[in-house]
Amino acid sequence: STGSEVTINQLIEEFSQHSEIKGIEHIDARPGDIRRSTLDNSKLKKDLDWVPKYYLAEGLAKVIDFYQGLHNLSKLLKEKRKRKLIKRFLSYHL
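If you're wondering where the values come from, they're calculated on a predicted model, not measured in any experiment. (Residues numbered from 1 in each chain as written. Predicted model: local features only at pLDDT ≥ 70, side-chain atom pairs only at ≥ 80, totals over all residues. Heavy atoms only, no water.)

Tell me about the overall build of the chain, and name the residues and values.
Secondary structure assignment for the chain yields three helices and zero strands. Secondary structure elements of the chain, listed N to C terminal, follow the sequence α-α-α. On C-alpha atoms alone, the chain measures out to a radius of gyration of 22 Å, which is more than a quarter above the 12 Å that the 2.2 N^0.38 rule sets for 94 residues. In terms of principal-axis extent, the alpha carbons of the chain reach across some 65 × 40 × 25 Å. For the chain, buried positions account for 5% of its 94 residues. In the chain, the proportion of contacts linking residues at least 24 apart, taken out of those at least 6 apart, comes to 75%. Carbon and sulfur atoms form 56% of the exposed surface of the chain, whose accessible area is close to 9,000 Å². Charge-centre separation for the chain: the mean point of 18 positive side chains lies 15 Å from the mean point of 13 negative side chains. (Helix = DSSP H or I, 4+ residues; strand = E, 2+ residues; numbered from the N terminus. Rg over C-alpha atoms; globule rule 2.2 N^0.38 Å. Buried < 20%, exposed > 50% of the residue type's maximum accessible area, 1.4 Å probe, protein only. Contact = heavy atoms within 4.5 Å. Areas by Shrake-Rupley, 256 points an atom, 1.4 Å probe, with all protein chains shown as cover. Lys, Arg positive; Asp, Glu negative; His and termini not counted. Charge placed at Lys NZ, Arg CZ, Asp CG, Glu CD.)

Quick rundown of a nonpolar patch on the surface? Include the residues and the values.
A cluster of nonpolar residues, Val63, Phe66, Tyr67, Leu70, Leu73, Leu76 and Leu77, forms a patch on the protein surface that exposes about 660 Å² of accessible area. Within the fold, Tyr67 resides in helix α3 (residues 56–93). On the accessibility criterion, Tyr67 (53% relative accessible area) is exposed. (Patch = residues over 30% accessible without salt bridge, like charges linked within 9 Å, V, L, I, M, F, W, Y side chains within 5 Å. Salt bridge = Lys/Arg side-chain N within 4 Å of Asp/Glu carboxyl O.)

Below is the structure:
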């Protein structure tokens, strides 16, 4: 948290810089919706001498890159497992 308020629209706009977003539907506010929310990080700064390392754009980019990397790793591992199983199958049946 940088202590700065970010709207849902700003978050979606920033996210869309890194990934295609489909099916966004704007609806009217509903009873009970939280209209505003900001994290107060002053206690962290004071008690732990903490400062934010990233602002929204850079932090979000790092999170997206991390999860895309996990997805790519998962696909690679699945392919390797598939090839290994095919090899094993062929060695038993040929």
